[in-house]
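# Close look at the chain arrangement
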Amino acid sequence: VQLQASGGGLVQAGGSLGLSCAASGRTFSDYGMGWFRQAPGKEREFVSAINWSGGTTTYADSVKGRFTISRDNAKNTVYLQMNSLKPEDTAVYYCARGKGRYLAIIRYDYDYWGQGTLVTVSS
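The structure reproduced in this document is the subject of the present report. The model shown is predicted, which means the values in this text are computed figures rather than measured ones. Within each chain, residue numbers correspond to sequence positions counted from 1 in written order. Per-residue local features are limited, in this predicted model, to residues with pLDDT of at least 70; the limit for side-chain atom pairs, both in listing and counting, is 80 or more; totals at the level of whole chains, interfaces and linings are taken over all residues. Processing note: side-chain calculations cover all non-hydrogen atoms of the structure and skip hydrogens and water entirely.

## A short note on the state of the cysteines
Structurally, a disulfide amounts to a covalent bond that connects the sulfur atoms of two cysteines. Put simply, a disulfide is two cysteine sulfurs that come within 2.5 Å. Considering all chains together, one arrives at one disulfide under this definition. Here C21 pairs with C95 through a disulfide, and the sulfurs are 2.0 Å apart. Since a negative S-S torsion denotes a left-handed disulfide, the C21-C95 link at about 60 degrees is right-handed. Here C21, found in strand β3 (residues 17-23), pairs with C95, found in strand β9 (residues 91-98); they are 74 residues apart in sequence, far enough to count as distant. Summarising the burial analysis for this pair, C21 and C95 share the class buried. Runs of H or I in DSSP of at least four residues are treated as helices and runs of E of at least two as strands, each being numbered from the N terminus. Burial here depends on accessible area, computed with a 1.4 Å probe over protein chains only, as a share of the maximum for the residue type. Under 20% is buried, over 50% is exposed, and the range in between is partly exposed.

Laid out in structure tokens, this is it:
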């Protein structure tokens, strides 16, 4: 399984950015997916997750109401739409595949990780 994240970049505070994560393999729809982020000098933290069908989602409190996770199982892709970005959202964002069909918020419940894409929000 390979996960390829894209869409990162530099944006001003208050702006928007959309991330994509394309997965290889035929069983994408059998697994929950998640997004995590890691800022310089900090631990990797949970951002958002979605279950296998896309019917259930969850968010970290810090991004709730601003970020939206979605997936297109026909395209083997999970998305993260980020609005009202803040400088504290600056981090490398990673997509990950869960170990099962349901969403998870603990990083150890994910077994495959993308390479990360850098999001920088300027003030």
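## Observations regarding the sheet that holds strand β7 (residues 67-72)
Pairing between strands is defined by DSSP: at least two bridges between them are needed. The four strands lie next to each other as β1-β3-β8-β7, forming an open sheet whose pairing is antiparallel. Both outer strands of the open sheet, β1 (3-6) and β7, are each paired with one neighbouring strand and no more. Neighbour-to-neighbour, the strand axes of the sheet open up by a mean angle of 15 degrees, direction not taken into account. Looking at chain direction, β1 and β3 are connected through four bridges and run antiparallel. Residue pairing in the sheet places A5 in a bridge with C21 of β3. Between N-to-C directions, angles cover 0 to 180 degrees, with each direction set by a line fitted to C-alpha atoms, over the stretch in contact for helices.

## Points about the packing of aromatic side chains
Each pair of aromatic rings is reported with the distance of its centres and the angle of its planes. Note on ring pairs: Phe, Tyr and Trp rings are taken, using the six-membered ring of Trp, and paired if centres are within 6.5 Å. Classes follow the plane angle, with under 30 degrees stacked, over 60 edge-to-face and the rest tilted. In total, this model carries four aromatic pairs according to the counting rule given. Through a chain of ring-to-ring contacts, the aromatic side chains of F36, F46, Y110 and W113 assemble into a single cluster. Each ring is checked for a lysine NZ or an arginine CZ that lies within 6 Å of its centre and within 35 degrees of its normal; such an atom marks a charge sitting over the ring. The ring of Y108 is capped by R107, whose NZ or CZ atom sits 5.6 Å from the centre of that ring.

## Structural notes on the environment of G55
Along the chain, G55 turns up in the loop between β5 (45-50) and β6 (57-59). Along the primary structure G55 and Q2 are separated by 53 residues, whereas in three dimensions their C-alpha atoms are 24 Å apart.

## With respect to the pattern of salt bridges
Salt bridges are counted wherever a side-chain nitrogen of Lys or Arg sits within 4 Å of a carboxyl oxygen of Asp or Glu. A complete count under the given rule lists six salt bridges for this structure. The shortest N-O distance in the salt bridge between E45 and R37 comes to 2.6 Å. Given a relative accessible area of 36%, E45 falls into the partly exposed group. Taking the shortest distance from any N to any O, the salt bridge between R66 and D89 comes out at 2.7 Å. Of this pair, R66 sits in the loop between β6 and β7 while D89 sits in the loop between β8 (77-82) and β9, placing them 23 residues apart in sequence.

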